[in-house]
Amino acid sequence: MEKLGRFEKEFDYELLTDKEKLEKYARDETPGDYYFLPDAAFLPTETDSISRLLEIDNDAKIPIIPRGGGTSRTAGPLAVNGGIVLSTEKMNEIIDFDEKNCILEVGPGVITEEINKFLEKYGFFFPPDPSSVDSCFIGGNVATNAGGARCLLYGLTRDYVRGIEVILPDGSKEFLGGRLKKDATGYSLLNLLIGSEGTLGIITRILLEVVNLPPYSATLVAPFKKLEDAALSSFNILSSGITPSAFEIIDEDAVKVAITNLDKKIPMAEEGTLLIAELLEDSKGELEKKFEIIGNKFLESNASDVFVAEENHQQEKIWDFRRNITEALDLFGTIIPEDVSIPRANIPEFIPEIKKLEKEFNTRVFTFGHIGDGNLHVNILKNEEWKDNGDKIINELFKKLNTFGGKISGEHGIGFTKKKYLKYSRTEKEIKLMKNIKSEFDPLNILNPGKIFDIEEKNA
Ligand SMILES: Cc1cc2nc3c(=O)[nH]c(=O)nc-3n(C[C@H](O)[C@H](O)[C@H](O)COP(=O)(O)OP(=O)(O)OC[C@H]3O[C@@H](n4cnc5c(N)ncnc54)[C@H](O)[C@@H]3O)c2cc1C
């Protein structure tokens, strides 16, 4: 840290070096033994101090690790090689709402949920809704291209980011994008930065496009005896031309764990695998027409019943239950949270393969997630044989996934925990190109090193 001795006092920031205060930055929401105490935490309130820190660090070469809300499930914001965690928690201002362009300008440290609380009074909303919405930051969402339940109809975070201010590893500041809907001027560096997991630049300001919030909503819940029937039912509805804003699945075992571990209950939760669909519509007539059709289609596909929630408090209860499945499973045991993305038509054949893993490796596997997007959270319980079998189970899962045309992450990113599996979803050539891009942006490898892939030391 002495190497940073030149850091001026002229900026507004906090630098923490006290071990007790640093504990908060040593973990994120990745289950298991991922504890990395950083050497320091840097809490800026504005961008110039970040630029200066990086300029000086080009001599000192200390790893700088950007951090948002710390809700990563892949150890993304952890100081795995030591260094300084750069927490954006104080850059939490909603800066401007440009109603004519439908653009909201925010700091990276705004808690995602606060965005919709702010927009409600204007009749607008920001659709991407990760289940961690009450604790993740918008900067972290942009850095991971976060998804969420409503991405089925509305798209991912990327689809709403119109511009970002970014501090590059050499300390320079760039603004990528703008208050524009269209921009075809060369390669999209904006889109390269979105989802780059803090390895290419530090996002310090964001322009988000926001949309009108439809006034009518309903949430349907239907229990099924078989996971495959529930999956097929959702696909039949989507192919019939109706796209709910969200279509989620929770397998029977995960529902049971949630009922036991959370003090929350929703209608029909005890009756099997649950399908949950949300409709957001501009007219009540359209809403009622669609929930009739969906309800009937559920019953035709062997749902034992259908519950329709129209009151806001009823709907919120159902979504609160869904958002807390991760927490319920984390309370149950140490979970390996896989987050696979697969062409949805292949899911009915993929599900029995997941079940086979349970038997083959004598463990439990809980599946839930964004069925409409083909993005399943496959949660494998770490059992006593994990030390010998852990890697084998995951390799087996990803080999099967490949045969069904899937990718190893649909939302959570690669971070630290999944980098050794990147080869399942990217060719050697692709990985080489990605490393070249990283080296071009960050030749000294100071920004979030050891994430997504390792960069070999030159002359090593
Ligand atoms: C209960 C639970 C539910 C979840 N549900 C979802 C879900 O539905 N959909 C989903 O996509 N994810 C989900 N996640 C994962 C996680 O919430 C997302 O990846 C989220 O976008 C991370 O945001 P964060 O602010 O917590 O970032 P962090 O965890 O702090 O960091 C994540 C990554 O982003 C980088 N980063 C953070 N801020 C910046 C910045 N300003 N500039 C550059 N890089 C930065 C970090 O270096 C790190 O690599 C869930 C996690 C939990 C615990």
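Just so it is clear, the structure is predicted and the values come from calculations on it, not from any experiment.

**Some words on the sheet that holds strand E3 (residues 64–67)**
Through backbone hydrogen bonds, the strands of a sheet pair up, either in parallel or in antiparallel fashion.
Link 1 in the chain: Pairing within the open sheet is mixed, and its 4 strands lie in the order E1-E2-E4-E3. The sheet is open, and its two borders are formed by strand E1 (13–16) and E3, each paired with just one other strand. With strand direction ignored, the average angle separating the axes of adjacent strands in the sheet is 20 degrees.
Link 2 in the chain: As defined by bridge partners, strand E2 (residues 40–44) adjoins strand E4 (residues 84–87) across 3 bridges and the pair is classed as parallel. Pairing of Ala 41 across the sheet is with Val 85, part of E4.
Link 3 in the chain: The strands touched by helix H2 (residues 47–60) within the sheet are E1, E2, E3 and E4, with E2 carrying the most contacts at an inclination of about 145 degrees.

**Describing the domain arrangement of the protein**
Buried accessible area, meaning the area lost when the parts come together, often serves as the stated size of an interface.
Link 1 in the chain: Segmenting the protein into domains produces domain 1 (2–87), domain 2 (94–212), domain 3 (216–325) and domain 4 (333–413).
Link 2 in the chain: Contacts between domain 2 and domain 4 engage 7 residues on the former and 6 residues on the latter.
Link 3 in the chain: A combined buried area of about 500 Å² lies between domain 2 and domain 4, and 48% of that area is made up of carbon and sulfur atoms.
Link 4 in the chain: Inspection of the region where domain 2 meets domain 4 yields 0 salt bridges.
Link 5 in the chain: At the boundary of domain 2 with domain 4, the tally comes to 1 residue pair in polar contact (both at pLDDT 80 or more).
Link 6 in the chain: Broken down by class, the residue content of the side of domain 2 that touches domain 4 amounts to 3 nonpolar, 3 polar and 1 charged.

**Here we look at the packing of helix H7 (residues 227–239) against helix H12 (residues 347–361)**
Link 1 in the chain: As a packed pair, H7 and H12 sit with axes 9 Å apart at the nearest point and diverge in direction by 160 degrees. The pairing of H7 with H12 is recorded here as roughly antiparallel in orientation. Between H7 and H12 lies a crossing of right-handed hand. Between H7, through Leu 227, Glu 228, Ala 231, Leu 232 and Phe 235, and H12, the contact on the second element is made entirely by Ile 347, Pro 348, Ile 351 and Pro 352.
Link 2 in the chain: Across the contact of H7 with H12, the residue classes tally to 8 nonpolar, no polar and 1 charged.

**A look at the sheet that holds strand E18 (residues 375–381)**
Link 1 in the chain: Taken in spatial order, the 7 strands make up an open sheet running E15-E12-E14-E13-E17-E18-E16, and their pairing is antiparallel. Of all the strands in the sheet, the pair left with one neighbour each is strand E15 (307–309) and strand E16 (335–341). Recorded for the sheet is a direction-independent mean angle of 15 degrees between the axes of neighbouring strands.
Link 2 in the chain: In this sheet, strand E14 (residues 273–281) lies alongside strand E12 (residues 216–224) in antiparallel orientation, the contact comprising 9 bridges. By the bridge assignment for E14, Leu 220 is matched with Ala 277.
Link 3 in the chain: Helix H10 (residues 312–323) rests against E12, strand E13 (246–250), E14, E15, strand E17 (365–370) and E18 of the sheet, and its axis sits at about 50 degrees to E12.

**Details of the site of the ligand**
Link 1 in the chain: Near the ligand, the surroundings consist of 36 residues, among which Pro 66, Gly 68, Gly 69, Thr 71 and Ser 132 are the closest.
Link 2 in the chain: Taking Glu 197, its main chain carries an N or O atom lying 3.0 Å from an oxygen atom of the ligand.
Link 3 in the chain: Summarising the interface, the protein chains cover 96% of the accessible area of the ligand, which totals 970 Å² for the free molecule.
Link 4 in the chain: Listing elements by their share of the shell around the ligand, those giving two or more residues are E3, helix H4 (138–144) and strand E10 (202–209).
Link 5 in the chain: When residues of the shell around the ligand are assigned to their parent elements, the largest contribution, 5 residues, is made by H4.

Thresholds applied
- Residues numbered from 1 in each chain as written.
- Predicted model: local features only at pLDDT ≥ 70, side-chain atom pairs only at ≥ 80, totals over all residues.
- Heavy atoms only, no water.
- Pairing = 2+ DSSP bridges.
- Helix = DSSP H or I, 4+ residues; strand = E, 2+ residues; numbered from the N terminus.
- Axes fitted to C-alpha atoms, helices over the stretch in contact; angles between N-to-C directions.
- Contact = heavy atoms within 4.5 Å.
- Domains from an automatic or database assignment.
- Buried area = accessible area lost by both parts, 1.4 Å probe.
- Salt bridge = Lys/Arg side-chain N within 4 Å of Asp/Glu carboxyl O.
- Polar contact = N/O pair within 3.5 Å; in protein donor to acceptor, adjacent residues only side chain to side chain.
- Nonpolar A, V, L, I, M, F, W, Y, C, P; charged D, E, K, R; others polar.
- Parallel < 35°, antiparallel > 145°, perpendicular 65-115°, else oblique.
- Left-handed = near helix turned anticlockwise from the far one by under 90°.
- Near = heavy atom within 4 Å.
- Areas by Shrake-Rupley, 256 points an atom, 1.4 Å probe, with all protein chains shown as cover.

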